[in-house]
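Letter by letter, the chains look like this.
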Amino acid sequence: MMEELLSTLDGELFSVWFLIGAALVFWMQAGFAMVETGFTRAKNAGNILMKNLMDFCIGCCVFILIGFGLLLGEDVVGFIGKPGFDIFTAYENFDWSNFVFNLVFCATTATIVSGAMAERTKFLSYCVYSAVISALIYPIEAHWIWGGGWLAQIGFHDFAGSCAIHMVGGIAALVGAVLVGPRIGKFEKDSKGKVTKVNAFPGHNIPIGALGVFILWLGWYGFNGAACTSVDQLASVFVTTTIAPSIATVVCMIFTWIKYGKPDVSMCMNASLAGLVAITAPCDVTDAFGAIIIGAVAGLLVCFGVWFLDYKLHVDDPVGAVAVHMMNGIWGTIAVGLFATPDAPDSELTGLFYGGGFELLAIQLLGFVAVAAWAALGMLVVFSIIKAIFGLRVAEEEEIEGLDIKEHGLASAYAGFSIVDLSGAVLSENENTSLGTSDYDKASEAQKKASVPVVDAEKEMRAAGVVQDTGMHKVVIITKLSRYDMMKRALNDLGVTGITVTQVTGCGIQKGAGEMYRGVEMDMTLLPKIKMEVVVSKIPVDSVIEVAKKTLYTGKIGDGKIFVYPVSRVVKIRTGEEDYAALQDVE
């Protein structure tokens, strides 16, 4: 009687833990949002947050309609679950716990992609993608693994989703990033189209990124541990889920310290997540030694992945989603076949390194290939259709100005705070923000505007009735010191001979200073600038502006900035001449 009562209590306890685990996994959405926001630029922060929110909300809608049935419905030839509407027709007997649990896992798969496609993807197109992966792509392959499908039938093991969730999300991220293309200025190319330089876009808020990593790590205890059925198994999973990311982070820190001279902050954050991804599949069947090796490999693999995408594949992944989730999802899936041991609580599997032979490893490899092929082909079709119907990428001007204002009408995600986005600062060298062409005549109006923006205060003041048009104009040009001689000659050729020049400094990115961000050289310092001031009347002010823009333009954001102000009166001290007459010997 007592044993039966304890068994019942034990079952009820783990049923409650199952739902608590689901809540922890839901909380991981906040972690993903923080990491992706922190690792990208301030002008896109609201857009990133919106996409992470909609991943879950849209995913919930389609999971109700079709996703849950395809995943856990009655098995049909080992390939899909039979769709049904029990949530509407038989709610009293519905499996509420499994619905919530699988929904939060589904949302995790979808949200991985937003980071890799950040800062240049249309919001509408992203919403369509999110619906499709939650309705079809994820539920079908998850059925193979967890819904009684053909992989489950042959003994494939993925306890919490290295393969079903992280690898699939990472592959979708890779396909999406390839099809949408890199952000403007990420890769510089020569006349033959060959990439000659990779530029870094520093994340605007590393503290928020770090908060996201800690939120994700906490949530991962629910991610990996929610399906445990005994206290011993749960405790062992907590141990392996702690060891692997810790080792991965230390290995990454040492590697970046040696390779780049200093430990890389954002790469170490990626390494923590990489270790968590890698241990997700084998967390219940491996021991401490296995977790150490799995974590060490993950710490190196994430560094290799970021470098490989940047320098070999030339795929722009702002947050390292492909390196973290796809590459380490694959590694974690294979690691089951290598490090599974019967010494782990409730484990009946034995991997190659523990004397189990190649059978389990072969099954894991087969599962990896099958699921990877399904995800890659499925997402290629999905993104290609979305691209053809809606388009994937925002317009050039929208990308340059930021998706917050263009997609959502949000002037800033930090209203009330002083946030300086150095990657878009007008007084910076900003080699990091190449606009794609250094030829002024070939540049679009949006590129010209981003390179040398013009603030025409005079026009605004006249429109408001504040000042009258006196025919005299003051033009202030702020630019790099190296452009002074060219700018002076250009103005002289136009007929402007009187120029006031002041040396100033601006905060920006200095080329060749030696500091590294995610393996790319950069440094932040105060750079010398010049402020050139001219007053014109006979010479058209539009001619001065056009000459200045053409002279300063190099194809990078931050080449300079031009301000135009009204002039009400000019007096030449030497002769007493005023206004138009006073300007004739300087123009």
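Calculation rules
Residues numbered from 1 in each chain as written. Predicted model: local features only at pLDDT ≥ 70, side-chain atom pairs only at ≥ 80, totals over all residues. Heavy atoms only, no water. Axes fitted to C-alpha atoms, helices over the stretch in contact; angles between N-to-C directions. Helix = DSSP H or I, 4+ residues; strand = E, 2+ residues; numbered from the N terminus. Parallel < 35°, antiparallel > 145°, perpendicular 65-115°, else oblique. Left-handed = near helix turned anticlockwise from the far one by under 90°. Contact = heavy atoms within 4.5 Å. Nonpolar A, V, L, I, M, F, W, Y, C, P; charged D, E, K, R; others polar. 1 Å grid on protein atoms, 1.4 Å probe; cavity = no way out; pocket = protein on both sides within 12 Å on 5 of 7 lines; lining within 4 Å. Points joined across faces, edges and corners; volume = space filled by probe spheres on them. Buried < 20%, exposed > 50% of the residue type's maximum accessible area, 1.4 Å probe, protein only. Polar contact = N/O pair within 3.5 Å; in protein donor to acceptor, adjacent residues only side chain to side chain. Pairing = 2+ DSSP bridges. Core = buried A, V, L, I, M, F, W, Y, C linked by side-chain atoms within 4.5 Å. Salt bridge = Lys/Arg side-chain N within 4 Å of Asp/Glu carboxyl O. Phe/Tyr/Trp six-rings, centres within 6.5 Å; stacked < 30°, edge-to-face > 60°. Patch = residues over 30% accessible without salt bridge, like charges linked within 9 Å, V, L, I, M, F, W, Y side chains within 5 Å. Areas by Shrake-Rupley, 256 points an atom, 1.4 Å probe, with all protein chains shown as cover. Disulfide = S-S within 2.5 Å. Expected span 1.5 Å × (residues − 1). Bend = angle between axes of the 7 residues up to and from the residue.

Draft legend 1. Molecular detail of the packing of helix α18 (residues 484-494) against helix α19 (residues 541-552). In the contact formed by α18 and α19, the axes pass within 10 Å of each other and the chain directions differ by 150°. Our classification of the angle between α18 and α19 gives roughly antiparallel. The element α18 and its partner α19 pack so that their crossing is right-handed. Contacts between α18 and α19 involve M486, M487, A490, L491 and L494 from the first element and S543, V544, V547, A548, T551 and L552 from the second. Partitioning the contact of α18 with α19 into residue classes produces nine nonpolar, two polar and no charged.

Draft legend 2. Geometry of empty space enclosed by the protein. Tallied over the entire structure, the rule returns four cavities of 30 Å³ or more. What lines the second largest cavity is F32, V35, E36, I112, L216, N270, L273, V319, G320, A321, V324 and H325. Mapped onto the lining of the second largest cavity, the elements with two or more residues apiece are α1 (2-38), α10 (265-280) and α12 (321-339). The class makeup of the residues in the lining of the second largest cavity is eight nonpolar, three polar and one charged.

Draft legend 3. Broad picture of the packing of helix α9 (residues 231-260) against α10. Viewed as axis vectors pointing N to C, α9 and α10 meet at an angle of 145°, and their least axial separation amounts to 7 Å. Our pair here, α9 against α10, has a crossing hand that is right-handed. Across the interface between the two elements, T240, T241, A244, P245, A248, T249, C252, M253 and T256 from α9 touch M267, C268, A271, S272, G275, L276 and I279 from α10.

Draft legend 4. Region of interest: the side chain of S451. Along the chain, the position of S451 falls in helix α16 (residues 445-451). For S451, a relative accessible area of 0% corresponds to the buried category. A distance of 2.5 Å separates a polar atom in the side chain of S451 from a polar atom in the side chain of D559. Here S451 is in contact with L435, Y553, T554, G555, K556, I557, G558, D559 and G560, once residues within four sequence places are set aside.

Draft legend 5. Layout of the pairing of strand β11 (residues 560-566). Counting buried positions over the seven residues of β11 gives five, a clear majority of the element. In terms of strand pairing, strand β5 (residues 454-456) meets β11 through three bridges, oriented parallel. Across the sheet, the residue bridging to V455 is F563, located in β11.

Draft legend 6. Focus on the environment of G219. For G219, the location among the structural elements is in helix α8 (residues 206-225). Non-local contacts of G219, meaning those with residues more than four positions away in its chain, are made with L24, V25 and M28.

Draft legend 7. Structural context of the nonpolar core. Ranked by size, the top nonpolar core spans 111 residues in total, and within it Y129 and M379 carry the most contacts. The element contributing the most residues to this core is α12, with 12 residues. Not counting the four nearest positions on each side in its chain, Y129 is found in contact with T109, A110, V113, M379, F383 and I386. In terms of nonpolar packing, the next biggest core, distinct from the first, is built from 18 residues, I530, V534, I539 and I562 among them.

Draft legend 8. Spatial organisation of the pattern of salt bridges. The final tally for this structure, using the stated rule, is 10 salt bridges. The partner of E119 in a salt bridge is R183, with the nearest N and O atoms 2.4 Å apart. In this pair, E119 is assigned in the loop between α4 (96-116) and α5 (123-146) and R183 in the loop between α7 (162-180) and β3 (187-189), connecting sequence segments 64 residues apart. E401 is the partner of K406 in a salt bridge, and the nearest nitrogen-oxygen pair spans 3.8 Å. Owing to a relative accessible area of 35%, K406 belongs among the partly exposed residues under this scheme.

Draft legend 9. Highlighting the packing of aromatic side chains. Applying the stated criterion to the full structure yields 28 aromatic pairs. An angle of 45° between the planes, with centres 5.7 Å apart, marks the rings of F63 and F99 as tilted. With F63 in helix α2 (residues 45-72) and F99 in helix α4, this pair connects stretches of sequence that are 36 residues apart. Take F63 and F99: they sit in the same class, and that class is buried. Members of the aromatic cluster, joined through ring pairs, are F18, F101, F105, W146, W220 and F223.

Draft legend 10. Representation of a nonpolar patch on the surface within the structure. Taken together, L65, I66, F85, F88 and L136 make up a surface patch of nonpolar side chains, about 470 Å² in accessible area. One can find L136 in helix α5. The exposure class of L136 is partly exposed, given its relative accessible area of 38%.

Draft legend 11. Focus on the pairing of strand β6 (residues 473-480). A large share of β6 lies buried, amounting to seven of its eight residues. One ladder, built from seven bridges, connects β6 with β11; its direction is antiparallel. Considered in β11, the bridge of T479 is made with G560.

Draft legend 12. Expanded view of the environment of C228. Inspection of the secondary structure puts C228 in the loop between α8 and α9. C228 gets classed as buried once you look at its relative accessible area, which sits at 3%.

Draft legend 13. The state of the cysteines, seen in detail. Scanning the model with the defined rule gives zero disulfides in all. Unpaired in this structure, C303 has its nearest cysteine sulfur neighbour in C252, at a distance of 3.5 Å. By relative accessible area, which is 7% here, C303 ends up buried.

Draft legend 14. Looking closely at α8. Along its 20 residues, α8 runs 29 Å from first to last C-alpha, staying within 8% of the 28 Å computed at 1.5 Å per residue. At G219, α8 shows its largest kink, close to 30°. For α8, the buried fraction is high: 15 of the 20 residues fall into the buried class. Between the side-chain oxygen at the start of α8 and the backbone nitrogen of I208 there is a gap of 3.1 Å, and the oxygen is on N205.

Draft legend 15. Layout of the environment of A116. Secondary-structure assignment places A116 in helix α4. A C-alpha to C-alpha distance of 7.3 Å links A116 and D316, two positions 200 residues apart in sequence. Residues in contact with A116, not counting those within four places in the same chain, are A173, A177, D316, D317, P318, V319 and A321.

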